[in-house]
Structures are given as C-alpha cells and as structure tokens.
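Observations on the three-dimensional arrangement
If you want the building blocks of each chain, they are given just below.
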Amino acid sequence: MMDLIIQCLTKKYAKFSGRASRREYWLFILFYAVGYLVLMILDIFLNTIDPISSFGLFSGVFWLATIIPSLAVSVRRLHDTNRVGWWLLLFFIPIVGPIALLVIFCFRSVETENRFTEI
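From a predicted model like this one, the values you see are computed outputs, not experimental measurements.

Rules used in this analysis
- Residues numbered from 1 in each chain as written.
- Predicted model: local features only at pLDDT ≥ 70, side-chain atom pairs only at ≥ 80, totals over all residues.
- Heavy atoms only, no water.
- Salt bridge = Lys/Arg side-chain N within 4 Å of Asp/Glu carboxyl O.
- Helix = DSSP H or I, 4+ residues; strand = E, 2+ residues; numbered from the N terminus.
- Buried < 20%, exposed > 50% of the residue type's maximum accessible area, 1.4 Å probe, protein only.
- Phe/Tyr/Trp six-rings, centres within 6.5 Å; stacked < 30°, edge-to-face > 60°.
- Contact = heavy atoms within 4.5 Å.
- Polar contact = N/O pair within 3.5 Å; in protein donor to acceptor, adjacent residues only side chain to side chain.

Quick notes on the pattern of salt bridges
Considering all chains together, one arrives at four salt bridges under this definition. D80 serves as the salt-bridge partner of R19, at 2.7 Å between the closest nitrogen and oxygen. Taken together, the residues R19 in the loop between α1 (2-9) and α2 (22-46) and D80 in helix α3 (residues 57-80) connect sequence positions 61 residues apart. D80 gets classed as buried once you look at its relative accessible area, which sits at 5%. Put simply, D80 and R77 hold a salt bridge, and the shortest N to O gap is 2.7 Å. Of this pair, D80 and R77 both sit in helix α3, three residues apart, which is roughly one turn of that helix. Side by side, D80 and R77 carry an identical accessibility label, which is buried.

Okay, structure coming up:
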C-alpha cells in the first residue's frame, strides 16, 4: 500500500504515460490530503501563514513539491479509464468540472489493453 505512494513520489514523479489504478490514485490523494492538512495545522500553530496569499510556509512547500506527481497520477488515472490527459482541464469548469472529474476517477479500470497500456 505504501509502495504505491512512494512510487508516485519517486519513480513515477513526473511520469505522465501509462496507467494508474483506482487504488494507486486514491491512496495518493489520501496521502496528499492528510499531508496537506497536517502541514496546514502546523502553519496555523507556528503562525507561518502569509496574510495576503493565505499560503502557509510548510503547506506551500508541500504543495509545490507534490503538484507534479499529483498531476501525473491524475493523467495516468484518466489513461486507465481510456481517456486522454486533457480531460483534466475539466477542473477549470466551475462546479460541474470537478464533479465530473470525481465521477470519472471513480470509474472502473478498462480491463483490456488500451492505447495507454505500456508494453
């Protein structure tokens, strides 16, 4: 279980090709959410939040360090459902886009080989 998260942060850090299973994607999202929450609480207690941008020092560094792997695992998850990574741009459509992506990320994997299967 932890192997999938470690792989996303090391071996697959910026790997946008291939596929990511539902398990790999949601474990990474769980890691990301818990990590960000813990660091945001730390920022609040240490008063390291910038009042203008509302970014905390530690949570901001964490966000910068994990933006590429989170984009990569999201694109690979879309590939696993036989969709191109450009579908990630749905996120920028207010309200409907993020909900549509959430639903797509919950879809089952395409069982057979698809155009994104690495050989």
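Structural notes on the packing of aromatic side chains
Counted under the stated rule, the structure contains eight aromatic pairs. With a centroid separation of 6.1 Å and 50° between ring planes, the pair formed by F28 and F31 is classed as tilted. Residue F28 and its partner F31 are both found in helix α2; the two are separated by three residues, about one turn of the helix. Classification of F28 by relative accessible area gives buried; the value is 0%. Residue classification places F31 among the partly exposed residues on the basis of a relative accessible area of 24%.

A word on the environment of R22
Within the secondary structure, R22 sits in helix α2. Remark: the alpha-carbon pair of R22 and R108, spanning 86 residues in sequence, is separated by 7.4 Å. Setting aside residues up to four positions removed in sequence, R22 forms contacts with R77, D80, F105, C106, F107, R108 and S109. Engagement of the side chain of R22 in a polar contact is seen with the backbone oxygen of C106, the distance being 3.1 Å.

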